[in-house]
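Here is what each chain is made of, one letter per residue.
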Amino acid sequence: MKISGLHHVTAIASDPQRNLDFYAGVLGLRLVKRTVNFDDPGTYHFYFADARGTPGTVLTFFPWPGARPGHRGTGEVEATAFAIAPASLAFWRERLKTHRIGTAETPERFGETVLRLADPDGLPLELIASASTAPIEPWTDSDIPAEHALRGFHSVTAALEGYERTAKLLTDLFGYQLEQETGNRFRFTAAGADAIPGKVLDLLCQPGGRRANGGAGSVHHIAFRAKDDAEQIAWRTKIAELGFNVSPVMDRTYFHSIYFREPGGVLFEIATDAPGFTVDEAPAELGHNLRLPPWMEAQRAEAGRLLPPIVLPTRSAP
């Protein structure tokens, strides 16, 4: 039993409309689900992904209006990276320039070009020119040509004061392999030859660094894939046996989740692939209706009063 890669990444934003405009508009991701934070029903929970919400392409947000900015540091995700085709670099440089979004190119990282940017809340993002052929379904109902669409996650980078115990968890428990290292960056790749998005996790060792303080522009947690409920229960047992405090299984409607904090302080989740985002909406309607879990339906009117109004991305006629 080994982890095959990332399921999703969840971050915090401060303005729902601005968040929606950036990820669905500028980056061309599909809003595949519009629901609420199950622990705070007066707040949205947005899910952005490829056309069908493939695990490994899903970036989600809790947009809390007026949320204070987070502070960068150790014990958090330092950057969330999407893969793009190498031939798409010029397209993305020009597109981001047109939208007045500053970018910076870092030196090549393990032979790949990295374009860094930040979202409106300062969340660090990267577009990495990768030859990966992970199968995704690009969202074509946007002004971004399919050949230039984001191709799911390339990787996430976790900033840690010390990386050894986290590395041991990744290799000994999750089955990741240390593939490459340079300076204080260590690259781990999920086991298996499957071409799927989100197989890479980088650890950035920053001894003596300031501890992160979460807020708007910070990643809340990263989620790894479990193929089904039985595998997730097995993971929970193994994690608890190692002495970690791990949550009970939680029903998130579109997947089931368990959570624990890894030794460096980053919140990890293991989420099931099923049921998926079409469990309560037809594929053509994903993201265009406010969805609530069955146990919250009685609160729909109240949620409608509390949630700020938003304008959804436009879509072409069928």
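Each remark here, short or long, concerns the structure printed above.
Procedures and definitions
Residues numbered from 1 in each chain as written. Predicted model: local features only at pLDDT ≥ 70, side-chain atom pairs only at ≥ 80, totals over all residues. Heavy atoms only, no water. Pairing = 2+ DSSP bridges. Helix = DSSP H or I, 4+ residues; strand = E, 2+ residues; numbered from the N terminus. Contact = heavy atoms within 4.5 Å. Axes fitted to C-alpha atoms, helices over the stretch in contact; angles between N-to-C directions. Core = buried A, V, L, I, M, F, W, Y, C linked by side-chain atoms within 4.5 Å. Buried < 20%, exposed > 50% of the residue type's maximum accessible area, 1.4 Å probe, protein only. Polar contact = N/O pair within 3.5 Å; in protein donor to acceptor, adjacent residues only side chain to side chain.

Colleague: What exactly am I supposed to notice about the sheet that holds strand 4 (residues 58–63) here?
Modeller: Two modes of strand pairing occur in sheets, parallel and antiparallel, and in both the strands are linked by backbone hydrogen bonds. One open sheet accounts for 8 strands, arranged 2-3-4-1-13-16-15-14; its pairing is mixed. Every other strand in the sheet has two partners, leaving strand 2 (30–37) and strand 14 (250–251) as the edge strands with one partner each. Examined bridge by bridge, strand 13 (residues 219–226) and strand 16 (residues 267–272) share 5 bridges and lie parallel to one another. Counted as the bridge partner of Ile222 is Phe268 from strand 16. Each of strand 13, strand 15 (256–261) and strand 16 is contacted by helix 4 (residues 229–241), which is oriented at about 20° to strand 15, the strand it contacts most.

Colleague: Explanation requested: the nonpolar core in the structure shown.
Modeller: Proteins that are soluble and globular tend to have nonpolar side chains buried together. Counting residues in each nonpolar core, the largest one holds 70 residues, and the members touching the most others are Tyr23, Phe174 and Ile222. For this core, the element with the highest residue contribution is helix 1 (residues 16–26), accounting for 5 residues. The contact partners of Tyr23, leaving out residues within four places of it in the chain, are Gly28, Leu29, Phe48, Leu59, Phe61, Asp119, Leu123 and Leu125. Membership of the second largest hydrophobic core comes to 10 residues, among which are Ala49, Val58, Phe277 and Leu286.

Colleague: Please clarify how the side chain of Lys33 should be interpreted in this entry.
Modeller: Mapped onto the secondary structure, Lys33 falls in strand 2. There is a polar contact of 2.8 Å between the side chain of Lys33 and the side chain of Glu281. Leave out the neighbours within four places in its chain, and Lys33 touches His45, Phe46, Tyr47, Tyr254, Phe277, Asp280, Glu281, Leu286, Gly287 and Arg291.

Colleague: Please explain the sheet that holds strand 12 (residues 200–205) as it appears in this structure.
Modeller: A sheet is described by the order of its strands in space; here 8 strands give the open sequence 6-7-8-5-9-12-11-10, paired in mixed fashion. With one partner strand each, in any of the chains shown, strand 6 (104–109) and strand 10 (177–182) form the two edges of the open sheet. Taking the axes of each pair of neighbouring strands and ignoring which way they run, one obtains an average angle of 25° across the sheet. As paired elements, strand 9 (residues 153–160) and strand 12 share 6 bridges and run parallel to each other. The residue bridging Val156 from the neighbouring strand is Leu201, located in strand 12. Running at roughly 160° to strand 12, helix 3 (residues 164–173) makes contact with strand 9, strand 11 (185–189) and strand 12 of the sheet.

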